[in-house]
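Tertiary structure, described
Each chain is listed here by its residues.
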Protein chains: 2
Amino acid sequence: MPGLLLDTLHGKTTDRRPVWLMRQAGRYLPEYRALRAAKGGFLELVHDSQAAAEITLQPVRRFGFDGAILFSDILVVPHALGQDLAFLAGEGPQLSPPLVDLALEALQPAPERLDPIYRTVALVREQLGPQTTLLGFAGSPWTVATYMIAGEGSRDQAAARSLAYRDPAALQAILDAIVACSIDYLVRQVEAGAEAVQLFDSWAGSLAPREFERWVIAPTAAIVEAFRRRQPGVPVIGFPKGAGEKLAAYARETGVDAIGLDETIDPAWAHSALPDGLPVQGNLDPLLLRAGGDELEARAREILTAFAGRPHVFNLGHGIDKDTPVAHVERLLAVVRG
Amino acid sequence: MPGLLLDTLHGKTTDRRPVWLMRQAGRYLPEYRALRAAKGGFLELVHDSQAAAEITLQPVRRFGFDGAILFSDILVVPHALGQDLAFLAGEGPQLSPPLVDLALEALQPAPERLDPIYRTVALVREQLGPQTTLLGFAGSPWTVATYMIAGEGSRDQAAARSLAYRDPAALQAILDAIVACSIDYLVRQVEAGAEAVQLFDSWAGSLAPREFERWVIAPTAAIVEAFRRRQPGVPVIGFPKGAGEKLAAYARETGVDAIGLDETIDPAWAHSALPDGLPVQGNLDPLLLRAGGDELEARAREILTAFAGRPHVFNLGHGIDKDTPVAHVERLLAVVRG
């Protein structure tokens, strides 16, 4: 009995919707803040398999979510490709050296840096009930590349977008390396106990349409195809944030088993534009969950209604905001669970 | 004989496309940099009608664009509503006091702050040939409100988006004030010589679908309706950047005469999703114009082809990048002019 979330990702339409929240293992939870205060920085926690497993399990214990998402970060892949990685307080992630003027070959790959993460997955799986689906993940190649090239987050991903025009072969080489590493990374998460995986493409929305085809759809399709060959039957959720009207092409062409919708997407449009029967995930505005109130309840019901005819995993449109009251999560869950 | 741009905005399909570039009066031009070095800061130039008129005319003289866009800024409306406005080097605009915890009534409106801008419009019109269309503009209420509330630019407009959920009446009051001021502002630009106007909605893309209806479409429709009553026959271009699949609703419901497309929009999708005959404007990626090369030429031709059956103003998907070589603009114009 695989559980409601996995059933839904396999295309089963259920009356009671499975629910989990992106970034559910994180700062809005007092038990996470306590553990972090005791144990140190974000990356230290990611690399401490006992702590990371505990953090992954915290929201499942508290709320009984249908999915447990591995506590980690998409930038562990650049780290495994040989960049140094640091999370500086108040400044966000730093990858060095940045690849904006440096060839990929200058990096010394270090795939063993991912080993603690596989141990985390195994520890979580041991402690998780059979009804709760363990979700692994990776960043999508385009989004990961934007960080590797700039060396940090950037407002409009201009460094990577410019490289795409100036030297597409250089960008292709970076993406190829990310694709190869991500396939292994996802396969090994499944070997360690993950039952489905999500590809987070936070910056899919910044590209022009042909660039979207080449740098978002094509590398995602390459991962899905290779992953499926090595792990048949394990669903892949694609989440191309900001893809807007290009979601339909993404759904048709990448081969993902389910598609995550950000909060700007009109559920009625998505239901009509996406292939029949394709599972969707989303898409409540995290800021509405933070704000709470009757509007939260009304909007959650609207989303449930809009996707009544389709396999649907209830989720936010992106990660839960750190200032979200726990009581608002409880209220949302009461609505989704009916 | 009104000129190619105005003809197109009135719905005429032409073989040779009119062309202008968002932010064409600006830092990529050596003559602008020289004038700015001599005369001082950005806001001082906006308020110096002689200088602002000269800057507006510079790109028209150099490139013979079909449109001259007024050199100004969308934040002159909050300034007229009583906020202090400053542009700090390297930090972007600052509006004070921010409205995040302050009622609108605390501001003392100062509509006379817009007077220099009307003088700029008149000075430009005097010096502009009859074939060149003078474009006035304002920010769209939602985008202007995001700055008024946060007091500055912000990555994801979280302050305004949160206010929308926490206290929609407060946000509505701010938008109503912006709408009223913007209508007068646009009408008076036309009285001074503007022949078409554009509403820039840079942050239209950050809203969930019902919020998009309420905070983008409704106030835009209110401006269009009142403006049209007072200035019948003067086209309004709406530019809801990032609207994605919600562009179709925007086009149907706001009443704008033409619609600007950002560079992420697939021209083929836009052509099929937008009402027949609605003029469109766009949508080359500014970063491709900066990069140049054969790809620039190929992509410009694709855009021309995609919109061959529809009134189309060639433009970028947003403002020209300050590091764009002038030679790339010349090459683009050669392609567009055939």
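Residues numbered from 1 in each chain as written. Chains lettered and ligands numbered in written order. Predicted model: local features only at pLDDT ≥ 70, side-chain atom pairs only at ≥ 80, totals over all residues.

1. Comments concerning the confidence of the model for chain A
As a reminder of what qualifies: On a scale of 0 to 100, pLDDT captures the predictor's confidence in every residue.
Within chain A, residue pLDDT values average 96, and 100% of them lie at 70 or more. Confidence estimates for the predicted assembly give a pTM of 0.96 and an ipTM of 0.93.

2. Quick look at the interface of chain B and chain A
Our working rule: C-beta atoms are placed from the backbone for every residue, and two residues are taken to be in contact when these atoms lie within 7 Å. In this text, helices come from DSSP runs of H or I with a minimum length of four residues, and strands from runs of E with a minimum of two, each type numbered from the N-terminal end. Under this grouping Gly is polar, as are all residues other than the nonpolar Ala, Val, Leu, Ile, Met, Phe, Trp, Tyr, Cys and Pro and the charged Asp, Glu, Lys and Arg.
Contacts between the two partners involve 24 residues from chain B, matched on the other side by 24 residues from chain A. Looking at the side of chain B that touches chain A, the elements that each hand over two or more residues are α8 (158-166) and α13 (286-291) of chain B. Considering each element in turn, the side of chain B that touches chain A owes the most residues, five residues, to α8 of chain B. Of the residues belonging to the side of chain B that touches chain A, the class tally is ten nonpolar, four polar and ten charged.

3. Topic: the sheet that holds strand β1 (residues 67-69) of chain A
Residues and elements named next belong to chain A. Our working rule: Only strands that DSSP links by at least two bridges are regarded as paired with each other. Each axis is a line fitted through C-alpha atoms, and for a helix only the stretch in contact is used; angles between axes span 0 to 180 degrees, taken between their N-to-C directions.
Sheet architecture is open: seven strands sit in the order β1-β4-β5-β6-β7-β8-β9, paired in parallel fashion. Two strands bound the open sheet, and with one partner strand each, they are β1 and β9 (312-316). Taken over all neighbouring pairs, the strand axes of this sheet differ in orientation by 25° on average, direction set aside. Where strand β7 (residues 258-260) lies against strand β8 (residues 280-284), two bridges are found, and the strand directions are parallel. Bridge assignment links Ile259 to a residue of β8, and that residue is Val280. Helix α10 (residues 209-230) rests against β5 (196-201) and β6 (236-240) of the sheet, and its axis sits at about 170° to β6.

4. Here we look at the sheet that holds strand β8 (residues 280-284) of chain B
Each strand in a sheet pairs with another by means of backbone hydrogen bonds, the pair being arranged parallel or else antiparallel. Residue and element names in this part refer to chain B. Strand order in this open sheet of seven strands is β1-β4-β5-β6-β7-β8-β9, and the pairing throughout is parallel. Among the strands making up the open sheet, the edge pair consists of β1 (67-69) and β9 (312-316). For this sheet the average axis-to-axis angle between neighbouring strands, irrespective of direction, equals 25°. Pairing geometry for β1 and strand β4 (residues 133-139), over three bridges, is parallel. Bridge assignment links Ile69 to a residue of β4, and that residue is Leu135. The strands that helix α9 (residues 168-192) touches are β4 and β5 (196-201); relative to β4, the one it contacts most, it runs at about 170°.

5. Brief notes about helix α9 (residues 168-192) of chain A
Residue and element names in this part refer to chain A. Short version of the rule: Between the first and last residue of a helix there are one fewer steps than residues, each counted as 1.5 Å, and that sum is the expected span. Labels follow a simple rule on C-beta atoms placed from the backbone: if 20 or more others lie within 10 Å of a residue's own, it is buried; if 12 or fewer, it is exposed; otherwise it is partly exposed.
The end-to-end C-alpha distance of α9 is 36 Å, a good match for the 36 Å that 25 residues give at a rise of 1.5 Å each. Every buried residue of α9 is listed here: Leu171, Ile174, Leu175, Ala177, Ile178, Cys181, Ser182, Ile183, Tyr185, Leu186 and Gln189. Looking one or two places after α9, you find Gly193, whose phi comes out positive at around 135°.

6. Focus on the relation of the copies chain B and chain A
Put simply, the rule is: Superposing the copies works by least squares over the C-alpha atoms of residues that have pLDDT at least 70 in both of them.
Of the two same-sequence chains, chain B is brought onto chain A (RMSD 0.0 Å, axial shift 0.0 Å) by a rotation of 180°. These values place the two chain copies in the arrangement generated by a two-fold rotation axis. A share of 100% of the interface residues of chain B reappears at the interface of chain A, consistent with the copies meeting face to face through the same patch.

7. Quick notes on the pairing of strand β4 (residues 133-139) of chain A
All names here are of chain A. Burial analysis of β4 places seven of its seven residues in the buried class, which makes it a mostly covered element. Along β4, one buried face is formed by Thr133, Leu135, Phe137 and Gly139 and the opposite face, lined by Leu134, Gly136 and Ala138, is buried too. Sheet topology note: the β4/β5 ladder contains five bridges and is parallel. Note that in β5 the partner of Gly139 across the bridge is Phe200.

8. Concerning the packing of helix α10 (residues 209-230) of chain B against helix α11 (residues 247-254) of chain B
Residue and element names in this part refer to chain B. Put simply, the test is: In a left-handed crossing the near helix is turned counterclockwise from the far helix by less than a right angle, and in a right-handed crossing that turn is clockwise.
Where α10 meets α11, the axes come as close as 9 Å, and the angle between the chain directions of the two elements is 35°. Here α10 and α11 pass one another in a crossing that is right-handed. Within the contact between the two elements, α10 uses Ile217, Thr220, Ala221 and Val224 and α11 uses Ala249, Tyr250, Glu253 and Thr254. Class assignment of the residues belonging to the contact of α10 with α11 gives a composition of five nonpolar, two polar and one charged.

9. Section: the packing of helix α4 (residues 49-63) of chain A against helix α6 (residues 115-127) of chain A
Residues and elements named next belong to chain A. The criterion, for reference: The scheme is simple: roughly parallel for angles under 35 degrees, roughly antiparallel for over 145, roughly perpendicular for 65 to 115, oblique for anything else.
The N-to-C vectors of α4 and α6 enclose an angle of 45°; their axes lie 8 Å apart at closest approach. When the axes of α4 and α6 are compared, the pair comes out oblique. The chirality of how α4 crosses α6 is right-handed. Residues Ser49, Gln50, Ala52, Ala53, Thr56 and Leu57 of α4 form the contact with α6, whose own contacting residues are Pro116, Arg119, Thr120, Leu123, Val124 and Gln127. The residue makeup of the contact of α4 with α6, split by class, is six nonpolar, five polar and one charged.

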